[in-house]
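Residue-level structure breakdown
Residue-level listing of the chains:
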Amino acid sequence: MPRSTPHERPPSTWYVRLLVALVLVLLLAPPAAADEGSGWTARPAGGGRDARPYVYLEGAPATVLQDRLSVTNPARAPLTVRLRGGGPAGPWLRFAADTVTVPARTRADVPFALALPGNATPGDLAGEIVASADGGVERRVPVRVRVGGPTLAALSVEDVEVSGRTIGYALVNRGNTPLRPRLSVRADGVFGALLDRPARPLDLELAPGRRVELTEPWPDAPELDSVKVRLRVAAEGGARGEAVASAAYVPVAPVAGGGLLVLGVLVVLGTGAYRRRTRRGGRAAEVDDEPQPAEEARPLAKAGAES
């Protein structure tokens, strides 16, 4: 039986296994950028069954609410993260450390507190925790806050003004809960309704105490009429408001022409009256200047006869 040459020998098992392992390592290795820290995370503390999509805090005014934020660094180098609050509730957030350095392949839990002021308005507020690392990479964690206490829904519509083909007005949230108002508009003229728009939602949310100035277009406003415009607003929680404004639509050109015509007529009539008065005065003067011999002779003749 002929012997096989070295070139004809089959590769050994260990050599094949080594090649397969090298290929798997190359295929499964993460990109270099991920190892530099782009895969870091920031989320509410707690994992597994306790994982939370956002931070939820609830309390009464003048209380301090506490929680923790988890920052995970899977990279091989330390990661420095800066923390700050954002949104309406952001100014109330305070962190145990505004700047946190997380070692490689480590998770750090950062305590933070939210201090509700004594005059905090009862209701729901939104905020967020903004975590930023070098290079401008940011992670945002939503924060939802519920301030305890009775809620009041109150809404008013003010300063209604009708100008040409536009109706201007202002909405004010006078309660302590956010509102999404609905608006209806009606305008009546001398001979009936000119505009009747049913209630529709406005694309805005009014925060407590907020005032916003808006306009309502009226492209088919009348040319000549006396109108009364009524605006009604309503929102969740029974909030309602109403305001009325009046306006007179008068064509400009006819009024100007009519004014000039009336003025001309008055001038003509005045001139005619003056002329008539002048003529009558002249005739009276002429009559007064004429002698009256017949009336003077009669008494003289009678006196001569008696003598």
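Data block above holds the structure.
This write-up is about the structure you can find in this document. Treat the numbers as computed from the prediction; the structure is a model and nothing was measured. (Residues numbered from 1 in each chain as written. Predicted model: local features only at pLDDT ≥ 70, side-chain atom pairs only at ≥ 80, totals over all residues. Heavy atoms only, no water.)

This part is about the pattern of salt bridges. Under the criterion given, the structure shown has 19 salt bridges. Measuring nitrogen to oxygen at the nearest pair gives 3.2 Å for the salt bridge that ties Glu158 to Arg211. Here Arg211 lies in strand E14 (residues 211-217) and Glu158 lies in strand E10 (residues 155-163), a separation of 53 residues in the sequence. (Salt bridge = Lys/Arg side-chain N within 4 Å of Asp/Glu carboxyl O. Helix = DSSP H or I, 4+ residues; strand = E, 2+ residues; numbered from the N terminus.)

Ordered by their spatial adjacency, four strands build an open sheet running E1-E3-E7-E5, and the pairing between neighbours is antiparallel. A strand with exactly one partner marks an edge of an open sheet, and here the two such strands are strand E1 (41-44) and strand E5 (93-95). Across the sheet, the mean angle from the axis of one strand to that of its neighbour is 30°, orientation sign disregarded. Here E1 pairs with strand E3 (residues 64-73) via four bridges, running antiparallel. Looking at the pairing, Ala42 lines up with Val71 of E3. (Pairing = 2+ DSSP bridges. Axes fitted to C-alpha atoms, helices over the stretch in contact; angles between N-to-C directions.)

This next bit is on the side chain of Ser184. Tracing the chain through its elements places Ser184 in strand E12 (residues 182-189). Classification of Ser184 as buried rests on a relative accessible area of 17%. Aside from chain neighbours lying at most four places away, what touches Ser184 is Arg197, Pro198, Ala199, Arg230, Leu231 and Arg232. (Buried < 20%, exposed > 50% of the residue type's maximum accessible area, 1.4 Å probe, protein only. Contact = heavy atoms within 4.5 Å.)

For the rest of this paragraph, the subject is the nonpolar core. Counting residues in each nonpolar core, the largest one holds 29 residues, and the members touching the most others are Trp40, Leu83, Phe112, Leu114 and Ile129. Those elements that place two or more of their residues in this core are strand E2 (55-59), E3, strand E4 (79-86), E5, strand E6 (99-102), strand E7 (106-115), strand E8 (123-133) and strand E9 (138-147). Those residues in contact with Trp40 that lie beyond four places of it in its chain are Val71, Thr72, Asn73, Pro74, Leu79, Val81, Ala131, Ser132, Ala133, Val137 and Arg139. Within the second largest apolar cluster, 28 residues are counted, among which are Ala187, Trp218, Val227 and Val233. (Core = buried A, V, L, I, M, F, W, Y, C linked by side-chain atoms within 4.5 Å.)

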